Amino acid sequence: MTTSVAELTFEIDQDDRFYDDKLDILEFETYESTPMEPTQSFDVVSELGRDGEPDPAMVQFLRLVKLGVKDAFLLESIFRKEVWGFMSLPVSEINERD
């Protein structure tokens, strides 16, 4: 049985119009511990017999990274406590596609 592992690194672009809001969300979500950094690395493992599902934390982080103009209302302070949880579900067709 062959196992392949790759490390993927993603980051929130510093030129992102919503960069500060996204950092606030990462900091809020990890308030009790070390804040999540705007750059995150994830291991992707492929082996025979596995379903190939990506790491849920990676998908959650990428959805946050890709939040844009039409989805930006989720970055409002009223949603600050819930937005990280929202990222565990599809946000919009554009967000999922990008």
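All values reported here derive from a predicted model rather than from experimental measurement.

Colleague: Would you explain the overall build of the protein in this entry?
Modeller: The number of helices and strands found in the protein is 4 helices and 2 strands. Reading the secondary structure of the protein in the N-to-C direction produces β-α-β-α-α-α. Across the 98 residues of the protein, 29% fall into the buried class. For the protein, the exposed area adds up to about 6,900 Å²; of that, 50% sits on carbon and sulfur atoms. If the 9 positive side-chain charges of the protein are averaged to one point and the 23 negative ones to another, these points end up 7 Å apart.

Colleague: Looking at this structure, I do not really get the packing of aromatic side chains. What am I missing?
Modeller: Think of a pair of aromatic rings as described by two things: how far the centres are apart, and how the planes are tilted against each other in angle. Applying the stated rule across the entire model yields 4 aromatic pairs. Taken together, a centroid distance of 6.1 Å and an interplanar angle of 65° make the contact between Phe79 and Phe86 edge-to-face.

Colleague: How should I be thinking about the environment of Ser77 in this particular structure?
Modeller: Among the structural elements, Ser77 can be located in the loop between helix 2 (56-65) and helix 3 (83-86). Distance from Ser77 to Asp21, taken between C-alpha atoms, is 8.6 Å for residues 56 residues apart in sequence.

Colleague: Would you mind showing me how to read the pattern of salt bridges here?
Modeller: Two side chains with opposite charge may pair up if their charged atoms get near one another. Evaluation of the coordinates by the stated rule reveals 4 salt bridges. Arg80 is the partner of Asp21 in a salt bridge, and the nearest nitrogen-oxygen pair spans 3.6 Å. One end of the pair, Asp21, is in helix 1 (residues 19-29); the other, Arg80, is in the loop between helix 2 and helix 3, and 59 residues separate them in sequence. Look at Asp21 and you get partly exposed, because its relative accessible area is 26%. For Arg80, a relative accessible area of 15% corresponds to the buried category. Salt-bridge contacts for Glu96 lead to Arg63; the nearest nitrogen and oxygen are separated by 2.5 Å. Of this pair, Glu96 sits in helix 4 (residues 93-97) while Arg63 sits in helix 2, and the two are 33 residues apart along the sequence.

Colleague: Explain the packing of helix 1 against helix 2 to me, please; I cannot follow it from the model alone.
Modeller: Axes are the key here: two packed helices are described by the angle between their axes and the distance separating the axes. In contact at an axis separation of 10 Å, helix 1 and helix 2 are set at 150° when each is read in the N-to-C sense. For the element pair helix 1 / helix 2, the angle class is roughly antiparallel. Counting all contacts with helix 1, which are made through Lys22, Ile25 and Leu26, the residues of helix 2 involved are Phe61, Leu64 and Val65. For the contact of helix 1 with helix 2, the residue count by class is 5 nonpolar, no polar and 1 charged.

Colleague: What should I look at first to understand a negative patch on the surface in this one?
Modeller: A cluster of like negative charges, contributed by Asp20, Asp24, Glu27 and Glu37, occupies part of the molecular surface. On the basis of relative accessibility, which here comes to 37%, the residue Asp24 falls in the partly exposed class.

Definitions and cut-offs
Residues numbered from 1 in each chain as written. Predicted model: local features only at pLDDT ≥ 70, side-chain atom pairs only at ≥ 80, totals over all residues. Heavy atoms only, no water. Helix = DSSP H or I, 4+ residues; strand = E, 2+ residues; numbered from the N terminus. Buried < 20%, exposed > 50% of the residue type's maximum accessible area, 1.4 Å probe, protein only. Areas by Shrake-Rupley, 256 points an atom, 1.4 Å probe, with all protein chains shown as cover. Lys, Arg positive; Asp, Glu negative; His and termini not counted. Charge placed at Lys NZ, Arg CZ, Asp CG, Glu CD. Phe/Tyr/Trp six-rings, centres within 6.5 Å; stacked < 30°, edge-to-face > 60°. Salt bridge = Lys/Arg side-chain N within 4 Å of Asp/Glu carboxyl O. Axes fitted to C-alpha atoms, helices over the stretch in contact; angles between N-to-C directions. Parallel < 35°, antiparallel > 145°, perpendicular 65-115°, else oblique. Contact = heavy atoms within 4.5 Å. Nonpolar A, V, L, I, M, F, W, Y, C, P; charged D, E, K, R; others polar. Patch = residues over 30% accessible without salt bridge, like charges linked within 9 Å, V, L, I, M, F, W, Y side chains within 5 Å.

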